[in-house]
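# Geometric and topological summary
These are the residues of each chain, in order.
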Amino acid sequence: MRRTPVKELRTYQEEDKGAILRVGNTMLVKDTGTGKTLTALAVAGELLWQNPGAQVLFSAPTGILVDQHCEYTLEQMGAEPDEVVVAAGNNRQFIYTSPRAKIIFATPETFAYDLKMINWSRVRLVVLDESHEVVGNDASAQVARAIKPHQLLRLALTASPGKRMEEIIDDLDIKQIIIREATDPEVAPYVFHLQRSWQDFELPLSMKELQQKLEAMADKCRTFLENHKILEKDSQPLLYQELRQEQWQEGFPQRSQLLPLYEDLTAERKQLKRQLAELPEDSQEARKIRRRLSVIDAAFNQVTMLISTWHMIDLLQSHGVGTLRSHLLTLLEAASDKDKLEKYSPAVRYLIKNWPLQRMVVECDQLLANNIDHPKLEFLKAKCQEWVSAGKFVLIFSHYRHSVLNIVEVLKGLGISAQGIMGAQSGGMPRKQQRQIISDFRQHRFQVLVSTALLHLGIHLADVDVGAAYDGHINDIEMIQREGRVARVRDGEFWCLFTKGDCLDSAYYYSARRKRAANRAKLRQLKDDLAAKTDNPAQPSSG
């Protein structure tokens, strides 16, 4: 294996390599396309040259990204296939103990499961790619906490660490933060221009009428919860205004806002059952507790239905009638299949059996029969025809699988060569099929690729000329990751499409922009604080 990568390091990459080896545990924050992976390989090559027989563990969040990193490392480090390997399958124990294995790649879940197999006395470096995920109970965080007792170098790579960056710094015992932005004078000559554009859309009146019916269903759930004092009146005001004010936990607000309610209901049910066990069965207090327990059981159903209805509203507002219809048909299919129905929680099964799903499908069919769907689709159809005619390659992002499939179907109906790609979880797309689709796209066998979040993280698709977010970026990390798939080897453009008004689309769009600026300012302050604490000279940073 080579000591240095085949590709010559840029000046700033050489500086970053030296700072990492000199200071120690580092968070390397670089805009996408500025060479985080190559810098990590340069550090790994130097440590392996200095320590014969040592190992490097390199974590990446998805299987296809693991494969990409492994292939790139074999190419750049001139390594033999048994020196740079992916820990997968039933031979992982052999890989960890092989004296030939120098750089081992795996997902965080694999490393977390294999912690006892790894010979930590050999490991000199752990690289955590997309390290913004090193939080909470995520597998990356489990790995980070597990390596704390060991004397080894930690290198965290990310384009944006997100709002929980202090937690990442603590878990990895970070000593310094290095920041490189595309606008920095030493970086700018190597970065291609990305033109950012946006387009907002007004829902047609008939879609708003369907939305009102869904909102009426949600109101029934809220009324039940309010009447039984599960929710205080007006306790869930104007969801999207709250989102704009950022008064919600990270993630989809309709879930995270109600998570404390689930926890409260669970705690109350446990407490009441303990009290009930100590009371005479026919006592007045016991009867009162049983009535309350029946209300709590019903409340679980109502909360789940409220979340599900909000999700349907989101699908309609942000994705369109066709995507909502596909979601409803999936639920109806489960209603007629006992095995599929059992996979859902009791509350969701209650929704499937009691909600007027078939009636809503009929209403969706009527709208589609009249060529009424989200105006985003018409815009995207026209744009894709324009882009494809110009010979451009297009990458479209959408959060939901139903939306991905719907977009692909619509584009194929226009004669556009398009494919969809999605994760493997819950009966999704096998990893082998994912790899084949990516390979076909790289070989120009089709021009438009539509993806869920699977391709947000680090995937290098060199020929993407145009990117489009069909729905809003959930946060600043997702915005950076989506935009980072475009303009990697030539100038490109990125479009963000969102619905006007009080909906997740527009709320996410404006929130992500604010968060990006706020988190960058916070990151620079943390960088300066670490430099002062460790008496290091300030590391490179834009601003």
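What comes next is a walk through the structure. Please read these numbers as outputs of a predicted model, since none were measured by experiment.

## Points about the overall build of the chain
Along its length, the chain carries 21 helices and 13 strands. Across its three principal directions, the C-alpha atoms of the chain cover 75 × 70 × 45 Å. Counting the 543 residues in the chain, one finds 56% classified as buried. Considering only contacts in the chain between residues 6 or more positions apart, those separated by 24 or more positions represent 75%. Accessible surface, the chain as shown: approximately 24100 Å² in total, 50% of it carbon and sulfur. On the chain, the mean spot of the 71 positive side-chain charges and the mean spot of the 70 negative ones are 3 Å from each other.

## Overview of the sheet that holds strand S3 (residues 84–86)
Strand pairs in the sheet, formed through backbone hydrogen bonds, run parallel or antiparallel to each other. Read across the sheet, 7 strands follow the order S3-S4-S2-S5-S6-S1-S7 without closing on themselves; strand pairing throughout is parallel. Among the strands making up the open sheet, the edge pair consists of S3 and strand S7 (176–180). With direction set aside, neighbouring strand axes in the sheet form an average angle of 15°. Note that strand S2 (residues 55–59) and strand S5 (residues 123–128) share 5 bridges and pair parallel.

## Things to note about the nonpolar core
Ranked by size, the top nonpolar core spans 75 residues in total, and within it Leu 125, Ile 396, Val 448, Leu 449, Leu 455 and Leu 461 carry the most contacts. Non-local contacts of Leu 449, meaning those with residues more than four positions away in its chain, are made with Val 394, Leu 395, Ile 396, Gln 419, Ile 421, Ile 437, Phe 441, Leu 455 and Leu 461. In terms of nonpolar packing, the next biggest core, distinct from the first, is built from 44 residues, Leu 214, Cys 221, Leu 225 and Tyr 400 among them.

## Observations concerning unusual backbone geometry
Of note, Asn 371 is a non-glycine position whose phi angle comes to about 60°, a positive value. With respect to the helices and strands, Asn 371 occurs in the loop between helix H16 (357–369) and helix H17 (375–389). With phi around 60°, Ala 487 is a residue other than glycine that occupies positive phi space. Residue Ala 487 is classed as buried on the basis of its relative accessible area, which comes to 10%.

## Here we look at helix H3 (residues 63–77)
The end-to-end C-alpha separation of H3 is 21 Å, in line with the 21 Å expected for 15 residues at 1.5 Å each. Those residues of H3 that sit buried are Gly 63, Ile 64, Leu 65, Val 66, Asp 67, Gln 68, His 69, Cys 70, Thr 73, Gln 76 and Met 77. Buried positions along H3 lie against helix H2 (36–50), S2, S3, strand S4 (103–106) and helix H19 (431–442). Count one or two residues on from H3 and you reach Gly 78, which has phi positive near 55°.

## Considering the side chain of Glu 130
Note that Glu 130 resides in the loop between S5 and helix H6 (139–146). There is no salt bridge for the buried Glu 130, and the closest opposite charge comes from Arg 485, which lies 5.4 Å off by N-O distance. Within the local environment of Glu 130, its side chain forms a polar contact with the side chain of Gln 481, the two groups lying 2.7 Å apart. With residues up to four places along the chain from it excluded, the contact list for Glu 130 reads Pro 61, Leu 65, Leu 157, Leu 457, Gly 458 and Gln 481.

## Some words on the pairing of strand S6 (residues 153–158)
Counting buried residues along S6, 6 of its 6 residues qualify, which places the element largely inside the surrounding structure. Side-chain alternation along S6 places Leu 153, Leu 155 and Leu 157 on one buried face and Arg 154, Ala 156 and Thr 158 on a second face that is also buried. Judged from the 4 bridges that link them, S5 and S6 form a sheet pairing that is parallel. If you follow Val 127 over to S6, its bridge partner there is Leu 155. In this view, the connection linking S5 to its parallel neighbour S6 by way of H6 has right-handed handedness.

## Examining the packing of helix H12 (residues 284–319) against helix H13 (residues 321–335)
Relative to each other, H12 and H13 sit at 150°, their axes nearing to 7 Å. Our classification of the angle between H12 and H13 gives roughly antiparallel. Two secondary-structure elements touch here, H12 through His 311, Met 312, Leu 315, Leu 316 and His 319 and H13 through Val 321, Thr 323, Leu 324, His 327, Leu 328 and Leu 331. Classifying every residue of the contact of H12 with H13 gives 7 nonpolar, 4 polar and no charged.

## Here we look at the pattern of salt bridges
Pairs can form between side chains of opposite charge once their charged atoms are near each other. Counted according to the given criterion, the structure contains 34 salt bridges. Close ionic contact of Glu 483 with Arg 516 constitutes a salt bridge, the shortest N to O distance being 3.6 Å. Residue Glu 483 is found in helix H20 (residues 476–483), and its partner Arg 516 is found in helix H21 (residues 504–534); the two are separated by 33 residues along the sequence. If you follow the salt bridges from partner to partner, you end up with Glu 15, Asp 16, Lys 30, Arg 180 and Glu 186 in one network.

## Focus: the sheet that holds strand S11 (residues 448–451)
Pairing within the open sheet is parallel, and its 6 strands lie in the order S8-S13-S12-S9-S11-S10. The open sheet has two edge strands, strand S8 (194–201) and strand S10 (418–421), and neither has a second partner. Direction aside, the axes of adjacent strands within the sheet are offset by 20° on average. Of the strand pairs in this sheet, S10 and S11 are connected by 4 bridges, and their pairing is parallel. Among the inter-strand pairings, Gly 420 is bridged to a residue of S11, identified as Val 450. Sheet strands in contact with helix H18 (residues 401–413) are strand S9 (394–397), S10 and S11, and its direction is about 175° off that of S10.

## Quick notes on helix H1 (residues 11–23)
Here H1 spans 18 Å end to end across 13 residues, near enough to the 18 Å set by a 1.5 Å rise per residue. Buried within H1 are the following residues: Tyr 12, Gln 13, Asp 16, Lys 17, Ala 19 and Ile 20. Buried residues of H1, viewed axially, fall in a sector of 165°; they line one side. For H1, exposure combined with an orientation more than 90 degrees from the buried face picks out Thr 11 and Arg 22. Tucked inside the fold, the buried residues of H1 contact strand S1 (26–30), H2, S6 and S7. Backbone geometry just downstream of H1 places Gly 24 in the positive-phi region, at approximately 115°.

## Considerations on the packing of aromatic side chains
Counting across every chain of the model gives 7 aromatic pairs. Its guanidinium or amino end placed over the ring of Tyr 470, Lys 376 lies 5.0 Å from that ring's centre, counting from NZ or CZ.

## A closer look at the environment of Ala 531
With respect to the element layout, Ala 531 can be found in helix H21. Assessed through its relative accessible area of 10%, Ala 531 is described here as buried.

Definitions and limits used
Throughout, residues of each chain are indexed from 1 in the direction in which the sequence is written. Only residues with pLDDT of 70 or above have their local features reported here, since the model is predicted, and side-chain atom pairs are shown and tallied only from 80 upward, although totals for entire chains, interfaces and linings are computed over all residues. As a convention, hydrogens and water are excluded, and side-chain values are obtained from all of the structure's heavy atoms. Here a strand is any run of E in DSSP of at least two residues, a helix any run of H or I of at least four, and the numbering for each starts at the N terminus. Residue burial is assigned from relative accessible area. The probe radius is 1.4 Å, only protein chains are included, and a residue is buried under 20% of its type maximum, exposed over 50%, and partly exposed in between. Contacts between residues were defined by any pair of non-hydrogen atoms, one from each residue, lying within 4.5 Å. Per-residue accessibility takes into account occlusion by the displayed protein chains alone, with areas from the Shrake-Rupley method and a 1.4 Å probe. Positive charge is attributed to Lys and Arg, negative charge to Asp and Glu, and no charge count is given to His or to the chain ends. To locate a charge, take atom NZ for lysine, CZ for arginine, CG for aspartate or CD for glutamate. Paired strands are those between which DSSP finds at least two bridges. Comment: axis = line fitted to C-alpha atoms, over the contacting stretch for helices; angle = value between 0 and 180 degrees taken between N-to-C directions. Buried Ala, Val, Leu, Ile, Met, Phe, Trp, Tyr and Cys residues that are joined via side-chain atoms within 4.5 Å together make up what is termed a nonpolar core. Each helix should span, by expectation, one fewer than its residue count multiplied by 1.5 Å. The term salt bridge refers to a side-chain nitrogen of Lys or Arg lying within 4 Å of a carboxyl oxygen of Asp or Glu. Contacts described as polar in this section are N or O atom pairs within 3.5 Å, which, within protein, must combine one atom able to donate a hydrogen with one able to accept it, while residues neighboring in sequence count only if both atoms come from side chains. With the strands pointing away from the viewer, any crossover whose connection runs clockwise from the first strand over the helix to the second is right-handed. These descriptions rest on fixed angle ranges, namely under 35 degrees for roughly parallel, over 145 for roughly antiparallel, 65 to 115 for roughly perpendicular, and the rest for oblique. Under the scheme applied, nonpolar residues are Ala, Val, Leu, Ile, Met, Phe, Trp, Tyr, Cys and Pro; charged residues are Asp, Glu, Lys and Arg; polar residues are all the others, including Gly. Picture the helix axis, draw a direction to every C-beta atom, and the arc is the one those directions span. Each Phe, Tyr or Trp ring, with Trp reduced to its six-membered ring, pairs with another whose centre is within 6.5 Å; inter-plane angles below 30 degrees give stacked pairs, above 60 give edge-to-face pairs, and intermediate values give tilted ones. Here, a charge over a ring is recorded when the distance from Lys NZ or Arg CZ to the ring centre is within 6 Å and its angle to the ring normal is within 35 degrees.

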